[in-house]
Each structure stands twice: as C-alpha cells, then as structure tokens.
Amino acid sequence: FILTKGSIFHHFSPRVFGLICAEGIFDDVLSDYLWARAVVLTTPTIATVGLSLTIPLAFISDAFFHNIFPTPLSTCGALAVVSGFILVNIGDGSCETRCRYLLRKMKLVS
C-alpha cells in the first residue's frame, strides 16, 4: 500500500524519491556507522559525549553561513559542552595508552 496511489509517495517523481532514499542512507546509515567506528576507536563514553558537540558546531555554522549568532546564555552552554568533552577525554586514562600505541604503530616514537 505504501507505493500505491493511496499513499503520499505517488506525488513524488522517481528522481525525488531516489534523492529522499539517498539522503536517508547518508543521514542515518553513515552517521550510525561513523558513531560505531568512533566507539571502536575510543570508548562508548567518549563517542556518546562527542555526539553532544553537534550543538556547538551548529552554532558555529549558523554564525558562519547565516550570520545568526547564539545568545550569551547559549554560548555559555556550548562552552560547557565543549569543556565537558575535553574533560572526559583528559579523564580517560586509556587515552594516553591508545595514543602511545598509535604513535608506535605509525613508527613516530620507539
């Protein structure tokens, strides 16, 4: 019933329907894959807290592309989010171990 005349999709051309499907794949599947990859490369906590960085990045993109600036209170909140992300990364003891392992793997240190 979804792709028949009784559904809302019969108004879309095949090209528009294909673009909607492609956007869904890139928005959902790619973002989920990259998040899962971040969990593998870091820790679940750091990857999840890293997702909260979308809000400060949205403020930056709005200021850059649309000349819309956040309120002072929103700016304080964004700075708190960024500070929290930095503190979580610093507080994670395995971060230093992983960095040393990667540097050894890349043969930058012995």
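Here is what the cut-offs are and how they apply
- Along each chain, residues carry numbers from 1 onward, in the same order as the chain's sequence is written.
- Whole-chain, interface and lining totals are the exception, using all residues; otherwise, since this is a predicted model, local features are given only for residues with pLDDT of at least 70 and side-chain atom pairs are given and counted only at 80 or more.
- As a rule here, side-chain values come from all non-hydrogen atoms in the structure, and water together with hydrogens is ignored.
- Strands here mean DSSP runs of E at least two residues long; helices mean DSSP runs of H or I at least four residues long; both are numbered from the N terminus.
- Buried, partly exposed and exposed residues are distinguished by accessible area as a fraction of the type maximum, computed with a 1.4 Å probe on protein chains only: under 20%, between the cut-offs, and over 50%, respectively.
- Note on definitions: a residue-residue contact is assigned when non-hydrogen atoms from the two residues lie within 4.5 Å.
- Computed with the Shrake-Rupley method and a 1.4 Å probe, the accessible areas treat only the protein chains shown as cover for residues.
- Patches in this entry comprise residues that are over 30% relatively accessible and not in a salt bridge; like charges within 9 Å are linked, as are nonpolar side chains (Val, Leu, Ile, Met, Phe, Trp, Tyr) within 5 Å.
- By definition, a salt bridge exists where a carboxyl oxygen of Asp or Glu is found within 4 Å of a side-chain nitrogen of Lys or Arg.
- As used throughout, the charge tally considers Lys and Arg to be positive and Asp and Glu to be negative, leaving His and the chain termini uncounted.
- Where a charge lies is defined by one atom per residue type, namely NZ (Lys), CZ (Arg), CG (Asp) and CD (Glu).
- Angles run from 0 to 180 degrees between N-to-C directions of axes, and those axes are lines fitted to C-alpha atoms, restricted for helices to the stretch in contact.
- Angle categories are assigned with fixed cut-offs, so that under 35 degrees is roughly parallel, over 145 is roughly antiparallel, 65 to 115 is roughly perpendicular, and the rest are oblique.
- Here a crossing is taken to be left-handed if its near helix is turned anticlockwise relative to the far helix by less than a right angle, and right-handed if that turn runs clockwise.
- Geometry of aromatic contacts follows a simple scheme: Phe, Tyr and Trp rings, the Trp one being its six-membered ring, pair when their centres are within 6.5 Å, and the pair is stacked under 30 degrees between planes, edge-to-face over 60, tilted otherwise.
- The predictor's confidence in any single residue is recorded as pLDDT, a number from 0 to 100.
- Each polar contact in these results corresponds to two N or O atoms within 3.5 Å; when the atoms are within protein, one needs to be able to donate a hydrogen and the other to accept it, and residues that are neighboring in sequence are counted only if both atoms are side-chain atoms.
- All amino acids are sorted into three groups, where Ala, Val, Leu, Ile, Met, Phe, Trp, Tyr, Cys and Pro are nonpolar, Asp, Glu, Lys and Arg are charged, and the leftover types, Gly among them, are polar.

Colleague: Would you explain the overall build of the chain in this entry?
Modeller: A count of helical and extended segments in the chain gives five helices and zero strands. When its helices and strands are written in sequence order, the chain yields α-α-α-α-α. Within the chain, the proportion of its 110 residues that are buried is 8%. Sequence-distant contacts in the chain: of pairs separated by 6 or more residues, those separated by 24 or more amount to 47%. Total accessible area on the chain is roughly 8,900 Å²; 73% of this is exposed by carbon and sulfur atoms.

Colleague: Where do I start with a negative patch on the surface in this structure?
Modeller: A surface patch of negative charge is lined by Glu23, Asp27, Asp28 and Asp32. Mapped onto the fold, Asp32 is located in helix H1 (residues 14-41). Taking relative accessible area as the criterion, Asp32 reaches 52% and is therefore assigned exposed.

Colleague: Would you mind showing me how to read a nonpolar patch on the surface here?
Modeller: Residues Phe26, Leu30, Tyr33 and Leu34 make up a contiguous nonpolar surface patch of about 450 Å² in total accessible area. Here Tyr33 is to be found in helix H1. Residue class for Tyr33 comes out exposed when judged on its relative accessible area of 51%.

Colleague: Can you help me understand the packing of H1 against helix H2 (residues 44-51) in this one?
Modeller: Pairs of packed helices are described in terms of their axes, by the angle between the two and the distance that separates them. Their axes nearest at 7 Å, the elements H1 and H2 cross at an angle of 140°. In terms of their interaxial angle, H1 and H2 are classed as oblique. The handedness of the crossing between H1 and H2 comes out as right-handed. Of the residues in H2, those in contact with Trp35, Ala38 and Val39 of H1 are Pro44, Ala47, Thr48 and Leu51.

Colleague: So what exactly am I meant to see when it comes to the packing of aromatic side chains here?
Modeller: Where two aromatic rings form a pair, the distance of their centres and the angle of their planes describe that pair. Using the criterion set out here, one finds one aromatic pair in the structure. Each ring, one from Phe64 and one from Phe65, has its centre 4.9 Å from the other, and the planes form 85°; the classification is edge-to-face.

Colleague: What's the story with the confidence of the model for the chain in this structure? I'm lost.
Modeller: Close inspection of predicted coordinates is inappropriate in any region flagged by low pLDDT. This prediction gives the chain a mean pLDDT of 82; 84% of its residues lie at or above 70. Within the chain, the lowest mean pLDDT, 72, falls on helix H5 (residues 94-105), and the highest, 92, falls on helix H3 (residues 54-66).

Colleague: Please clarify how the side chain of Thr43 should be interpreted in this entry.
Modeller: The topology assignment puts Thr43 in the loop between H1 and H2. Of note is the side chain of Thr43, whose polar atom sits 3.2 Å from the backbone nitrogen of Ile46.

Colleague: What's the story with the packing of H2 against helix H4 (residues 72-91) in this structure? I'm lost.
Modeller: Close contact between H2 and H4 brings their axes to 9 Å; oriented N to C, the two are set at 170°. By the angle between their directions, the pair H2 and H4 is classed as roughly antiparallel. Where H2 abuts H4, its residues Thr45, Ile46, Val49 and Gly50 lie against Phe85, Val88 and Asn89. Of the residues contributing to the contact of H2 with H4, the split by class is four nonpolar, three polar and no charged.

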